[in-house]
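Given next are the chains, with one letter for each unit.
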Amino acid sequence: MLLTYRALRRRALAKKLAITTPNGVDESSYVRIGGIDQWISIRGEDRTNPVILEIHGGPGASNLIFVPRTRAWERHFTIVRWDMRGAGRTFAAGGPEGQGELTLDRLHQDALEVTHHIRTRLGVEKVILLANSFGTVTGLRLARNHPELYAAYVGTDQNIIGGGRDTTAYEALLGRLEKAGRKKQRATIEAMGPDRSAWSAHAWVTYAKTVVTTDPLTYDTMKTVVIRSLWFSPLHTLRDLRTYLKAQTFSEPLGPQATTVDEYTEGTAFRLPVFLFQGDSDVLTPPEPARRFYEALTAPVKDFALITGAGHFASFRHPDQFLNLLLTKVRPAVTGEAVR
């Protein structure tokens, strides 16, 4: 019965995803990026709409599973979803041995190649960067260094890694564990210490999993948004789902690489519009560090907004709220046009 229900749901969602407008686009294929074949999907109802390039999180967590939840975005934007090396269909194509160098620097270079490919493929001068969660580390670097390629930067579930100066999320986790009487888990996290740059990949994953499972909103979002999207995705077979999870495990070593980043040292001056949209109850990437960084940065246009009733995965839990922010704040800054 469970598989029958899954099949019916997937069929209904596949019908919902159909793009039938005369000027629409729905194409996906492998493209040679950084010496390996990487999966790129392009979807939208009107090719004249602004183009968004998503930089997914995880690491190793493709955004393709969320296409049904973000279907409405495609009426107003052309959305490019790219499975990075070590993620999704890119991982499936080459397996663990075929991913090449797995570093933040390599992902940055890959993203530039993807950007140039999209500009040529769609005939646009600039694209909007939309980065979420772990992808925001790469997203901010792209936005700082290449304003000639990007019309705006939008960060959500924004990581602000400040060289280890901010330990509030770590301390909040210890507090939740203490309150819940989870002494063994608290001892594990306490033994890791607040200095994330000293964490192993295993420690980094342990911390993230503990945050998710000790916060009711985040845990609910994981079950009702992430897991449901994965299970019912019309774009993924059961084998694809297994590969999806293997890719996340494979990509775990990227996590500790990001802990040594200092966003303030890398720069707070941006030469393009910057928007940070954060879940108001996010405990994994809390809104306050993002707000402080927003207040410190300079940009031609900038804005900060909270997504109400959201923790991590804010844009996917409340895609309608997020679309409203894209339409009322981002699109006018990029096109100069009022919301249609």
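A short tour of the structure in this document, coming up.

1. A short note on the layout of surface pockets
Okay, so step 1: What the second largest pocket holds in volume is close to 160 Å³.
Okay, so step 2: Lining of the second largest pocket is provided by Arg9, Leu13, Lys16, Ile65, Pro68, Arg69, Thr224, Arg228, Ser229, Phe232 and Ser233.
Okay, so step 3: For the lining of the second largest pocket, the element with the most residues is helix α8 (residues 216–232), which contributes 4 residues.

2. Topic: empty space enclosed by the protein
Okay, so step 1: Evaluated as defined, the whole model comprises 2 cavities of 30 Å³ or more.
Okay, so step 2: The calculated volume of the largest cavity comes to roughly 50 Å³.
Okay, so step 3: What lines the largest cavity is Gly88, Arg89, Ala92, His236, Asp240, Thr243 and Tyr244.
Okay, so step 4: At the level of secondary structure, the elements contributing two or more residues to the lining of the largest cavity comprise α2 (88–94) and α9 (238–251).
Okay, so step 5: By volume, the second largest cavity amounts to about 40 Å³.
Okay, so step 6: Lining the second largest cavity, in full, are Glu54, Asn63, Trp73, Leu130, Asn132, Thr156, Ser315, Phe316 and Phe322.
Okay, so step 7: Within the residue set of the lining of the second largest cavity, elements represented by two or more residues are β5 (127–132) and α13 (314–317).
Okay, so step 8: Broken down by class, the residue content of the lining of the second largest cavity amounts to 4 nonpolar, 4 polar and 1 charged.

3. Considerations on the side chain of His312
Okay, so step 1: Mapped onto the elements, His312 comes out in the loop between β8 (302–307) and α13.
Okay, so step 2: A distance of 2.8 Å separates the side chain of His312 from the side chain of Ser133, its partner in a polar contact.
Okay, so step 3: A polar contact of 3.0 Å, which involves the side chain of His312, links it to the side chain of Asp282.
Okay, so step 4: When neighbours within four sequence positions are excluded, His312 is seen to be in contact with Ser133, Asp157, Thr221, Asp282, Leu284 and Thr285.

4. Concerning the pattern of salt bridges
Okay, so step 1: Tallying each qualifying case throughout the model produces 21 salt bridges.
Okay, so step 2: One salt bridge connects Glu113 with Arg106, and the closest N-O pair in it is separated by 3.4 Å.
Okay, so step 3: Classification of Glu113 by relative accessible area gives partly exposed; the value is 32%.
Okay, so step 4: Overall, Arg106 belongs to the buried group, its relative accessible area being 18%.

5. Thoughts on the environment of Val274
Okay, so step 1: Examined against the element boundaries, Val274 turns out to sit in strand β7 (residues 274–279).
Okay, so step 2: Residue Val274 is classed as buried on the basis of its relative accessible area of 1%.
Okay, so step 3: A C-alpha to C-alpha distance of 8.1 Å links Val274 and Pro300, two positions 26 residues apart in sequence.
Okay, so step 4: In contact with Val274, not counting residues within four places along its chain, are Tyr153, Leu297, Ala299, Val301, Lys302 and Asp303.

6. Description of the pairing of β5
Okay, so step 1: Most of β5 sits inside the fold, with 6 of its 6 residues counted as buried.
Okay, so step 2: Inspection of the sheet shows strand β3 (residues 51–55) paired to β5 by 4 bridges, in the parallel sense. What sits directly across from Glu54, in β5, is Leu130.
Okay, so step 3: Summarising the sheet, β5 and strand β6 (residues 150–156) pair through 6 bridges and their orientation is parallel. Each bridged residue has a counterpart across the sheet, and for Leu130 the counterpart in β6 is Val154.

7. A word on the side chain of His236
Okay, so step 1: Tracing the backbone shows His236 in the loop between α8 and α9.
Okay, so step 2: Here Ser233 takes part through its side chain, which lies 2.6 Å from a polar atom of the side chain of His236.
Okay, so step 3: Apart from residues no more than four positions distant in its own chain, His236 is found in contact with Arg6, Arg10, Leu64, Ile65, Arg89 and Leu241.

8. With respect to the sheet that holds β3
Okay, so step 1: As summarised here, the arrangement of the 8 strands in space is β1-β2-β4-β3-β5-β6-β7-β8, forming an open sheet in which the pairing is mixed. On the outer flanks of this sheet lie β1 (25–33) and β8, each paired with one strand and no other. The sheet shows a mean angle of 20° between the axes of neighbouring strands, taken without regard to direction.
Okay, so step 2: Across the face of the sheet, helix α4 (residues 135–145) comes into contact with β3, β5 and β6 while running at roughly 150° to β5.
Okay, so step 3: Where helix α14 (residues 319–335) meets the sheet, its contacts fall on β3, β5, β6, β7 and β8, and the angle it forms with β7 comes to roughly 170°.

9. Re unusual backbone geometry
Okay, so step 1: Residue Pro59 is bonded to the preceding Gly58 through a cis peptide linkage, with omega at 5°.
Okay, so step 2: Considering the arrangement of structural elements, one finds Pro59 in the loop between β3 and β4 (78–83).
Okay, so step 3: We note that Ser133 has phi near 55°; this positive angle belongs to a residue other than glycine.
Okay, so step 4: Position of Ser133 among the secondary structure elements: in the loop between β5 and α4.

10. Some words on a positive patch on the surface
Okay, so step 1: Among the surface-exposed residues, Lys16, Arg69, Arg75 and Arg228 lie close enough to one another that they form a single positively charged patch.
Okay, so step 2: Checked against the element boundaries, Lys16 lands in helix α1 (residues 2–17).

Each value, and the rule that gives it
- Residues numbered from 1 in each chain as written.
- Predicted model: local features only at pLDDT ≥ 70, side-chain atom pairs only at ≥ 80, totals over all residues.
- Heavy atoms only, no water.
- 1 Å grid on protein atoms, 1.4 Å probe; cavity = no way out; pocket = protein on both sides within 12 Å on 5 of 7 lines; lining within 4 Å.
- Points joined across faces, edges and corners; volume = space filled by probe spheres on them.
- Helix = DSSP H or I, 4+ residues; strand = E, 2+ residues; numbered from the N terminus.
- Nonpolar A, V, L, I, M, F, W, Y, C, P; charged D, E, K, R; others polar.
- Polar contact = N/O pair within 3.5 Å; in protein donor to acceptor, adjacent residues only side chain to side chain.
- Contact = heavy atoms within 4.5 Å.
- Salt bridge = Lys/Arg side-chain N within 4 Å of Asp/Glu carboxyl O.
- Buried < 20%, exposed > 50% of the residue type's maximum accessible area, 1.4 Å probe, protein only.
- Pairing = 2+ DSSP bridges.
- Axes fitted to C-alpha atoms, helices over the stretch in contact; angles between N-to-C directions.
- Patch = residues over 30% accessible without salt bridge, like charges linked within 9 Å, V, L, I, M, F, W, Y side chains within 5 Å.
- Areas by Shrake-Rupley, 256 points an atom, 1.4 Å probe, with all protein chains shown as cover.
- Lys, Arg positive; Asp, Glu negative; His and termini not counted.
- Charge placed at Lys NZ, Arg CZ, Asp CG, Glu CD.

Keep in mind these numbers describe shape, not what the thing actually does.
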